[in-house]
Structure formats: structure tokens, C-alpha cells
Amino acid sequence: LQVTGVQTCALPIFSQSRYTDSPTRDISGAFPAGQDPLLYKTLPHAVARFRKEFNTGKPTQITTFLSGFRYQAALDDSGELLIGLDTYMGQNYRYYATAPYIYDYQTRRMSRDYLLADALRLLLQDQIEPPQSTASLLEHMIASGKIHYAIKKLVPDVPDSALFRYTALQASWANQYEKDIWQYLMSQNLVYSSEIRSIGRFMDDGPATLELDPNAPPRLGEWTGYSIVTSYMEKYPKISLQDLFTKSGSEIFRNSGYRGQR
């Protein structure tokens, strides 16, 4: 797959793709060189908006590559954004079943619908100070919530399912039971807990949050953090994304008024 320069934005955004082996033919069919609107229009424009919002010169370009189904998006030492197109071939792509390190719940989000949000999430993670080892679940949730809020501002029409790497059914469940999720976190004294296991239950990836419901999606802390940040920004709409990323979790929660519902 050969990808050349894109003229639709100011970035010299694409370089030659780093493909050295099969399944390059499949990828060429799924992402036509120079033609795919997601790669050659939507993604470059979103990256340009990111650069402007955060006043950064990186990434200077985006390169697609063959990751061996291991990396959906990565940043190299120079700040170049790398997109592993072989991880976005669709849930039923025949080669995924041959990779022992890919679980079924992961293949559900290995489609082009998730590429844009995944790429922006990676760039935004590089702009935020990660929570310290002693941070509470609340601080972890709000740090993640900042990132998801920023993605939504950069690409307003991204659906919740793509934003949170959920299926449509999982996103619907989280939306329906948002208040119940918060009440559970509060009743179990988890919000201010810094215990690693407690944080992992609501921030780590997996097939589901079984302690709540078989249909409850994973990483519900991300969903709740996004709701808290959204509530805060609705009260302070003039705060820029760059300034939002400097606000402490305690300040955002205290001024958000969030009590289980956006």
C-alpha cells in the first residue's frame, strides 16, 4: 500500500507506508491508496485541529504500517503518528483468529469505525500528565474523561461506541445506567479509593464489568470520567482544551456538580 502526500490540509501528513509483507493486498483493498476518505481527509483534518488546539508541531506526518496485529496506533521517538491498518480490517477478518494474543472482545473494535478516535486518543495521552501511583479512582476517571471529552470536541460526530471502544449495545447500556454506575461507586466507597485493584476493576480493559451486570461494558470509569468532565465544561465553556488538561481532578469534580448524570 503506497500512500503519498495529502493536499487537503497544511500538514505534510502522509509518508510512504511501511508494508513489507502480506496481508498488504487485503489492506490495499480496504484502504485504497490516495482515495480512502478516512485516511486522506477526516484523519488529517482532525490531527490539524489537535495541533492547533494544543499549540504543538507534532505529529508532522502520519505513516501507515503493518503491525502484525499488535499496534493500532503508536508514536515514534520523532513524534510521527503510526497507524497499524492491519488492526482495522473488521471483526471477522480471517487472520485475527490465527493470532493467539487477540481476544474475541478485542476483535469487536478492530474495524475502521474506531481508527479515528484511537489515533486522537494516543495523541491526547501524550499531552496529559498521567495520574500518580497514589491517585484515586476519581483522578484516573477524570484524566481519562479529559481525553474523551477532547476527542469529542475535535470530532463532534464521533459516536459514543467509537469514542469508548464499545459496541453500540455496550454504549447504550452505559448511557441507560449511568446514574446506577455512580451510585454503585459511591456506595462501595470506590470513588476516592487509591487501591490498585479497585482502580483496575473500572479502568482496565476486558470483556465486561461482570460485578455490575453481564451486559455492563468494561472501563466504566472512563465513561463516568467523561460525564464529569462534560458537566464541568458545560458550566465553563470558555475554557480551552489545553487549559482543561491542566486542571486538577479535584477542581473539575468539585465544580462540575456531577452526581450521576450529565
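Worth saying up front: this structure is predicted, and the values here are computed from it rather than measured.

**Details of the confidence of the model for the protein**
Point 1. Looking at the protein, the pLDDT average stands at 89 and 92% of residues meet or exceed 70.
Point 2. A low-confidence stretch, residues 1-16 (pLDDT under 50), is modelled with 52 contacts involving residues beyond four sequence positions or located in other chains.

**Brief notes about the packing of aromatic side chains**
Two aromatic rings are characterised by how far apart their centres lie and by the angle between their planes.
Point 1. In total, this model carries 16 aromatic pairs according to the counting rule given.
Point 2. Aromatic pair W182 and F253: ring centres 5.7 Å apart, planes at 50°, arrangement tilted. Placement of the pair is W182 in helix 8 (residues 178-187) and F253 in helix 12 (residues 249-256), with a sequence separation of 71 residues.
Point 3. Judged by centre distance (6.3 Å) and plane angle (45°), the rings of Y184 and F202 are tilted. Taken together, the residues Y184 in helix 8 and F202 in helix 9 (residues 196-203) connect sequence positions 18 residues apart.

**Notes on the nonpolar core**
Point 1. With 74 residues, the main nonpolar core has L43, I83, L115, L120, L124, L185 and L244 as its most contacted residues.
Point 2. Residue contributions to this core peak at 10 residues, all from helix 5 (residues 137-154).
Point 3. Those residues in contact with L185 that sit more than four places away from it in its chain are L137, M141, L190, V191, F202 and T224.

**A closer look at the pairing of strand 1 (residues 62-65)**
Point 1. Residues of strand 1 alternate between two faces, with I62 and T64 on one and T63 and F65 on the opposite face, all of them buried.
Point 2. As defined by bridge partners, strand 1 adjoins strand 3 (residues 81-84) across 4 bridges and the pair is classed as parallel. Its bridge partner lying in strand 3, I62 is registered against L81.

**As for the pattern of salt bridges**
Point 1. Applying the stated criterion across every chain yields a total of 9 salt bridges.
Point 2. Across the pair D205 and R219 runs a salt bridge, and its minimum N-O distance is 3.1 Å. On the criterion of sequence distance, the pair formed by D205 in the loop between helix 9 and helix 10 (220-235) and R219 in the loop between helix 9 and helix 10 is long-range, its members being 14 residues apart.
Point 3. Look at D205 and you get partly exposed, because its relative accessible area is 34%.

**A short note on the sheet that holds strand 1**
For sheets, the rule is that strands pair by backbone hydrogen bonds, running either parallel or antiparallel.
Point 1. Within the open sheet, the 3 strands sit side by side as 1-3-2. Their pairing is mixed. On the outer flanks of this sheet lie strand 1 and strand 2 (73-75), each paired with one strand and no other. Along the sheet, successive strands turn relative to each other by an average axial angle of 25°, direction set aside.
Point 2. Against the sheet, helix 4 (residues 115-125) engages strand 2 and strand 3, with an angle of about 25° to strand 2.

**Describing unusual backbone geometry**
Point 1. With omega at 0°, the peptide bond leading from K58 into P59 counts as cis.
Point 2. On the secondary structure map, P59 appears in the loop between helix 2 (37-53) and strand 1.
Point 3. Its identity is not glycine, yet N55 carries a phi of approximately 50°, on the positive side.
Point 4. As for its position among the elements, N55 is in the loop between helix 2 and strand 1.
Point 5. The exposure class assigned to N55 is exposed, which follows from its relative accessible area of 67%.
Point 6. Its identity as a non-glycine residue notwithstanding, R219 has a phi of 55°, on the positive side.
Point 7. Residue R219 is classed as buried on the basis of its relative accessible area, which comes to 2%.

**Let's talk about the packing of helix 4 against helix 5**
Point 1. In contact at an axis separation of 9 Å, helix 4 and helix 5 are set at 125° when each is read in the N-to-C sense. In terms of their interaxial angle, helix 4 and helix 5 are classed as oblique. Two packed elements cross with a definite hand, and for helix 4 against helix 5 that hand is right-handed. For the pair helix 4 and helix 5, contact is made by A117, L120, R121, L124 and Q125 and by I147, H148, A150, I151 and L154, respectively.

**A closer look at helix 12**
Point 1. Taken together, the buried positions of helix 12 are occupied by G249, I252, F253 and S256. Considered in projection along helix 12, the buried side chains sweep an arc of 95° and stay on one side of the axis.
Point 2. Just beyond helix 12, the residue with positive phi is G257, at close to 75°.

What counts, and where the lines are drawn
Residues numbered from 1 in each chain as written. Predicted model: local features only at pLDDT ≥ 70, side-chain atom pairs only at ≥ 80, totals over all residues. Heavy atoms only, no water. pLDDT = per-residue confidence, 0-100. Contact = heavy atoms within 4.5 Å. Phe/Tyr/Trp six-rings, centres within 6.5 Å; stacked < 30°, edge-to-face > 60°. Helix = DSSP H or I, 4+ residues; strand = E, 2+ residues; numbered from the N terminus. Core = buried A, V, L, I, M, F, W, Y, C linked by side-chain atoms within 4.5 Å. Buried < 20%, exposed > 50% of the residue type's maximum accessible area, 1.4 Å probe, protein only. Pairing = 2+ DSSP bridges. Salt bridge = Lys/Arg side-chain N within 4 Å of Asp/Glu carboxyl O. Axes fitted to C-alpha atoms, helices over the stretch in contact; angles between N-to-C directions. Parallel < 35°, antiparallel > 145°, perpendicular 65-115°, else oblique. Left-handed = near helix turned anticlockwise from the far one by under 90°. Arc of directions from axis to C-beta.

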